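One letter stands for each residue in the lines below.
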Amino acid sequence: RPLTYNRPKVMLPIANKPIMEHLISEAIAAGINKYIFVVGYHDEQIRDHFGNGKKWGIEIEYVTQRKRLGTADAIKGVKPLVDEKFLVINGDVIVSKNDITRMIASEDNTIGIKEVEDVSGLGVVELDGNKLKQIYEKSDEPPSNMANTGIYLFKRDIFDTIDNTPKSMRGEREITDSLQLMLEQGQIIICQRIDYWLECSYPWDLLAANDAFIGSEVKSEGRIEENVFIQGAVSIGADTIIRSGSYITGPVVIGNDCDIGPNCYIWPFTSIGDGCRIGAAVEIKGSIIMRYTKIPHHNYIGDSVIGEGCNFGSGTKIANLRLDSKNVLIYGIDTKRHKLGAIVGDGVETGINASINVGSVIGNNTIIGPGVVASGVIMPDSRIY
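Rules and cut-offs
- Sequence order as written defines residue numbering, which begins from 1 separately in each chain.
- Under the rules for a predicted model, residues below a pLDDT of 70 receive no local features and side-chain atom pairs below 80 are neither given nor counted, while totals for whole chains, interfaces and linings still include all residues.
- Computation of side-chain values: all heavy atoms of the structure, hydrogens and water removed.
- Secondary structure follows DSSP: runs of H or I at least 4 residues long count as helices, runs of E at least 2 residues long count as strands, and numbering of each begins at the N terminus.
- The quantity called the radius of gyration is restricted to C-alpha atoms. Its globule counterpart is 2.2 Å times the number of residues to the power 0.38.
- Only heavy atoms matter for contacts: two residues are in contact if any of them lie within 4.5 Å across the pair.
- Only the protein chains shown count as covering a residue, and every accessible area follows the Shrake-Rupley method with a 1.4 Å probe.
- Charge convention: Lys and Arg are scored as positive, Asp and Glu as negative, and His as well as the terminal groups of each chain are ignored.
- Taken as the charge location is NZ of Lys, CZ of Arg, CG of Asp or CD of Glu.
- Note on aromatic pairs: the rings of Phe, Tyr and Trp (six-membered ring only in Trp) are paired at centre separations within 6.5 Å, and the planes decide the class, stacked below 30 degrees, edge-to-face beyond 60, tilted for the rest.
- A simple rule labels every residue: compare its accessible area, found with a 1.4 Å probe on the protein chains alone, to the largest value its type can have, and call it buried under 20%, exposed over 50%, or partly exposed in between.
- Picture the helix axis, draw a direction to every C-beta atom, and the arc is the one those directions span.
- Any two strands with at least two DSSP bridges between them are considered paired.
- Remark: nonpolar core denotes a set of buried residues (Ala, Val, Leu, Ile, Met, Phe, Trp, Tyr, Cys) joined through side-chain atoms within 4.5 Å.
- Residues enter patches when their relative accessible area tops 30% and they take part in no salt bridge; the joining distance is 9 Å for like charges and 5 Å for the nonpolar side chains Val, Leu, Ile, Met, Phe, Trp and Tyr.
- By salt bridge we mean one thing: a side-chain nitrogen of Lys or Arg within 4 Å of a carboxyl oxygen of Asp or Glu.

In this structure, what is going on with the overall build of the protein? I would like to understand it.
For the protein, the helix and strand inventory stands at seven helices and 40 strands. Here the protein has a C-alpha radius of gyration of 22 Å; the compact-globule value for 385 residues is 21 Å, and the two agree. Its C-alpha atoms put the protein at 65 × 45 × 35 Å along the principal axes. Taking the intrachain contacts of the protein between residues at least 6 apart in sequence as the baseline, contacts between residues at least 24 apart amount to 45%. Summed over all atoms, the accessible surface of the protein reaches about 17700 Å², with 47% contributed by carbon and sulfur. One finds the centroid of the 40 positive side-chain charges in the protein at a distance of 2 Å from the centroid of its 49 negative side-chain charges.

Can you walk me through the packing of aromatic side chains in this structure?
Working definition: an aromatic ring pair is given by the centre-to-centre distance plus the angle between the planes. Under the defined criterion, the tally for this structure stands at 11 aromatic pairs. Judged by centre distance (5.7 Å) and plane angle (85 degrees), the ring pair of Phe37 and Tyr62 falls under edge-to-face. With Phe37 in strand β3 (residues 34-39) and Tyr62 in strand β4 (residues 59-64), this pair connects stretches of sequence that are 25 residues apart. Note on Phe37: relative accessible area 6%, which makes it buried. Chaining the aromatic ring pairs together yields one cluster made of Phe37, Phe50, Trp56 and Tyr62.

Quick question: what am I supposed to make of helix α2 (residues 43-50) here?
Along an α-helix, a turn takes 3.6 residues, which lines up residues three or four apart on a common side. When we look at burial in α2, the residues that qualify are Asp43, Ile46 and Phe50. For α2, the buried positions fall inside an angular range of 60 degrees around the axis, keeping them on one side. Where α2 is buried, its residues touch α1 (19-29), β3 and β4.

What exactly am I supposed to notice about the pairing of strand β23 (residues 277-280) here?
Sheet analysis places strand β20 (residues 259-260) next to β23, joined by two bridges and oriented parallel. Each bridged residue has a counterpart across the sheet, and for Ile260 the counterpart in β23 is Ile278.

Please clarify how the sheet that holds strand β33 (residues 342-344) should be interpreted in this entry.
Strand order across the open sheet formed by nine strands is β13-β16-β19-β22-β25-β28-β33-β36-β39, with parallel pairing between neighbours. Each having just a single partner strand, β13 (219-220) and β39 (377-378) make up the two edges of the open sheet.

Even after reading the chapter, I still don't get unusual backbone geometry, so can you show me in this structure?
As a rule of thumb, non-glycine residues mostly have phi less than zero, and peptide bonds are mostly trans rather than cis. For the peptide bond that leads from Gly250 to Pro251, omega is 10 degrees, which places it in the cis range. Inspection of the secondary structure puts Pro251 in the loop between β18 (247-249) and β19 (252-254). Cis geometry marks the peptide bond from Gly261 to Pro262, where omega comes out at 5 degrees. Structurally, Pro262 can be placed in the loop between β20 and β21 (265-266).

Honestly, the nonpolar core in this entry has me stumped. Any pointers?
As a rule of thumb, soluble globular proteins bury nonpolar side chains together. Counting residues in each nonpolar core, the largest one holds 33 residues, and the members touching the most others are Ile254, Ile260 and Ile272. Where this core is concerned, the elements lending two or more residues are β16 (234-236), β19 and β33.

Just to check I follow, could you spell out a nonpolar patch on the surface for this structure?
Taken together, the side chains of Tyr331, Val377 and Met379 make up a nonpolar region of the molecular surface, amounting to roughly 310 Å² of accessible area. Tracing the backbone shows Val377 in strand β39. A residue is classified by how much of its surface remains accessible, and Val377, at 44% relative accessible area, is partly exposed.

What should I look at first to understand helix α4 (residues 97-104) in this one?
Within α4 the residues assigned to the buried category are Asp99, Ile100 and Met103. Considered in projection along α4, the buried side chains sweep an arc of 100 degrees and stay on one side of the axis. As for α4, its buried residues are in contact with α1, β5 (85-89), β6 (93-95), β7 (110-115), β10 (146-155) and β11 (190-193).

Is there a simple way to explain the sheet that holds β18 in this structure?
Each strand in a sheet pairs with another by means of backbone hydrogen bonds, the pair being arranged parallel or else antiparallel. If you trace the eight strands from one edge of the open sheet to the other, you get β15-β18-β21-β24-β27-β30-β35-β38, paired in parallel fashion. Of all strands in the sheet, those bounded by a partner on one side alone are β15 (229-231) and β38 (373-374). In terms of strand pairing, strand β35 (residues 355-356) meets β38 through two bridges, oriented parallel. Within β38, the residue paired with Ser355 across the bridge is Val373.

How should the environment of Phe86 be read in this particular structure?
Structurally, Phe86 can be placed in strand β5. Among all residues touching Phe86, those that are not within four sequence positions of it are Ile75, Val78, Tyr152, Leu153, Phe154, Lys155, Ile158 and Phe159.

Any chance you could explain the pattern of salt bridges here in plain terms?
Between side chains of opposite charge, a pair can form as their charged atoms come close. What the rule picks out here adds up to 18 salt bridges. In this structure, the salt-bridge partner of Asp346 is Arg7, at a minimum N-O distance of 2.8 Å. Residue Asp346 is found in the loop between β33 and β34 (349-350), and its partner Arg7 is found in the segment before β1 (13-14); the two are separated by 339 residues along the sequence. Both residues of the pair, Asp346 and Arg7, belong to the buried class.

In structure tokens:
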């Protein structure tokens, strides 16, 4: 939150593509061409974007999980559609084609794991050689630093186990409980180490993901006026105009139908979605700007994630560095980021000379009045004057 109020997490953009599209690209490169998407929350966005998969040369079928009754329940829904062996990946993680290739070569039920420095908020596993000994779901005292990456290879016997899996305290059937039940029944589950794993637990994780996937493509399908300086890998979409005096240093991705400049500065590792307006004397640094947002006059946006359809008044600034130079905290959580601006939901509007403090979270459709200093966590539909 607030970025998932209007969209499923898997559709949040990284380098102007949904998280799940990056994942699917890796799976395609690993040779997988048949997919089942288990969808629920705002499933129309996933269906509209991916369709039947023809655009990517793959086949996609859909299963709707009408009630969110847990990951095991979601997997159970694909039973009529899968073969003897099938791969399961959480849609909000990205793993590499090489890791996927190794996973699908296994002949046993297999779980992908990765050693991480901080396992807080993650499921962890305990190993017996290369076999799973026990699995823990977000333990307060984790027994290891081996994280469950949310990628599994299952045989059809998993469905019998799911049927016998008791509901959790939340009234859901979790796949981790199913795995634990398999272990108690004496079944073997192999642990496959994953070399590359990108997991977006928090909204600020999108910025690191954006840095990793923004790529090195140089493309210009728009119109570039005279006296524009472009350096490095910059991708400019169709029908976008870059006006005179603009200074863009890649890697940068700019979508279709954007109006950029004049006299703006776009720093590296910035993604700007379709239909955006970035205007005169605007500076944007290392940020994700989602579709149809307007940042038109004398604005500074640093290390931030800005939702769709926002409109920033002239002189609006977002700070990205604490005066004491310590890591930025959000919700009391150490983001482990020295520089972090704001997480701004969809449809936020600001008046002239508004200021947004470092580490702020602003809910959808909030209005921040002229000259206001906004800080902290602001709920959706707020009015601040």
